[in-house]
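# Observations on chain architecture
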Amino acid sequence: MSLLELDDVSVTYRIASGEVPAVRGVSLKLEAGAALGVAGESGSGKSTLAMALLRLLPKDAKIGGRILLDGEDVLTMKWGRMRAVRWAEASIVFQGAQHGLNPVRRIGDQIAEPLLVHNLAKPDAARERVAELLDAVGLPAWRARSYPHELSGGQRQRVMIAMALACSPRLIIADEPTTALDVMVQAQVLSLIKDLVAERGISLIMISHDLSVLADVCDQLAVMYAGRVVEHGPSHEVFHDAKHPYSRALAAAFPTVGDPVSRMAPKGLGGDPPDPMDLPSGCAFHPRCPVARDTCAELDVRLWPAGPGRTAACVHARAEEEVGS
Ligand SMILES: Nc1ncnc2c1ncn2[C@@H]1O[C@H](COP(=O)(O)OP(=O)(O)OP(=O)(O)O)[C@@H](O)[C@H]1O
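Note that the coordinates shown come from a computational prediction; the quantities given were computed from them, not determined experimentally. (Residues numbered from 1 in each chain as written. Predicted model: local features only at pLDDT ≥ 70, side-chain atom pairs only at ≥ 80, totals over all residues.)

### Concerning the site of the ligand
In the vicinity of the ligand there are 15 residues, among which Y13, A22, S42, S47 and T48 approach most closely. Elements represented by at least two residues in the shell around the ligand include exactly β1 (4-15), β2 (18-30) and α1 (46-53). The element best represented in the shell around the ligand is α1, accounting for 3 residues. Taken together, the residues of the shell around the ligand sort by class into 6 nonpolar, 8 polar and 1 charged. (Near = placed C-beta within 6 Å. Helix = DSSP H or I, 4+ residues; strand = E, 2+ residues; numbered from the N terminus. Nonpolar A, V, L, I, M, F, W, Y, C, P; charged D, E, K, R; others polar.)

### Some words on the nonpolar core
Residues A52, A162 and V223 are the most contacted members of the largest nonpolar core, which totals 97 residues. By residue number, the principal contributor to this core is helix α6 (residues 153-165), which donates 7 residues. Those residues in contact with V223, other than ones at most four positions away along the chain, are A39, G40, V229, V230, E231, V238, H244, Y246, S247 and L250. (Core = buried A, V, L, I, M, F, W, Y, C linked by C-beta atoms within 7 Å. Buried ≥ 20, exposed ≤ 12 C-beta atoms within 10 Å, placed from the backbone. Contact = placed C-beta atoms within 7 Å.)

### Focus: the sheet that holds β1
The strands making up a sheet associate through backbone hydrogen bonding, with each pair oriented either parallel or antiparallel. Taken in spatial order, the 4 strands of this open sheet run β2-β1-β4-β5, and their pairing is antiparallel. Strand pairing shows two members of the sheet lacking a second neighbour, β2 and β5 (72-73), which therefore form its edges. When strand β4 (residues 61-69) meets β5, the two strands line up antiparallel, connected through 2 bridges. Following the sheet pairing, L68 is matched in β5 by D73. Across the sheet, α1 is in contact with β1, β2 and β4; its angle to β2 comes to roughly 70°. (Pairing = 2+ DSSP bridges. Axes fitted to C-alpha atoms, helices over the stretch in contact; angles between N-to-C directions.)

Spatial relationships are all this shows, so hold off on functional conclusions.
In structure tokens form, the structure reads like this:
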């Protein structure tokens with residue numbers, strides 16, 4: 001059994017002018033100890049999907065499908081059980097650590113909080129655990145007495161990682177954990193995440209618009225466009241030999257980890273991602289696709305086998321697979 005299994009997950013926000021289908025029919029699996037990267041441009045539904053995993057979405061969001069964590073459906077859990085799962089079994093590191101920390105509390109108290117709330121440690125043991133966690137993320141123990149504003153952006157993100165590790169969860173979801181950091185610090189924090197999850201056997205879901213970062217850290221990659229997964233497979237294969245034209249454009253935009261020159265809109269892609277309330281017919285990517293055919297405006301292509309362990313939602317990938325088989 002997989003640690004996490006998403007089965008036809010959809011998320012729709014209800015707003016005054018109608019419904020926003022932010023995530024549409026996503027099915028993915030994550031094995032224990034594995035790392036899955038979720039890539040896509042802004043608005044593709046990555047964060048909505050991440051928040052849905054722990055039911056952290058606002059009340060106006062309706063989640064459908066099944067999200068099985070160790071076989072238990074997160075979407076039908078009672079609230080008490082859901083609260084017990086958060087931090088202890090799965091935790092999230094959000095983008096921009098400054099928003100995740102309370103500015104008026106010492107960071108040691110903030111790291112200890114999940115341990116105390118879940119009755120996993122008494123105050124003395126929690127203090128010791130905080131020192132251990134700070135050490136694990138490369139910060140000295142005395143930093144426990146600091147306030148968030150006394151730390152750099154990279155140090156604050158390390159604190160967020162320490163908090164996420166505090167209760168020894170089996171799954172960590174990292175949503176753009178390095179986006180707000182400069183390139184050097186970004187590389188350090190990424191390698192820290194990579195090492196910690198590997199050492200502790202924690203499963204990881206990492207979200208980023210940067211395919212090169214995900215390819216560096218994750219075993220598997222899922223590329224999202226307009227709320228759907230449009231390509232999935234082993235990360236190096238997806239990064240170096242993408243089957244979907246959108247994944248190819250994303251890979252070309254970020255050729256190497258943290259390359260500052262490449263931090264721009266995907267090359268060769270004109271236009272903007274579609275408005276989820278007004279999606280193009282057929283393949284939602286077709287108006288921006290450099291290799292679209294007439295049929296792409298009609299065919300609603302779902303994920304199709306695109307080589308061993310790989311799927312892609314594109315008629316071209318489908319054609320290649322048929323020729324190859
Ligand atoms: N609370 C909300 N109410 C209505 N629509 C929302 C809400 N939150 C997100 N959306 C919409 O859902 C879609 C997916 O947004 P989401 O933030 O999940 O994308 P993303 O890929 O994570 O983007 P980013 O990288 O910018 O965070 C977007 O069209 C967004 O405008």
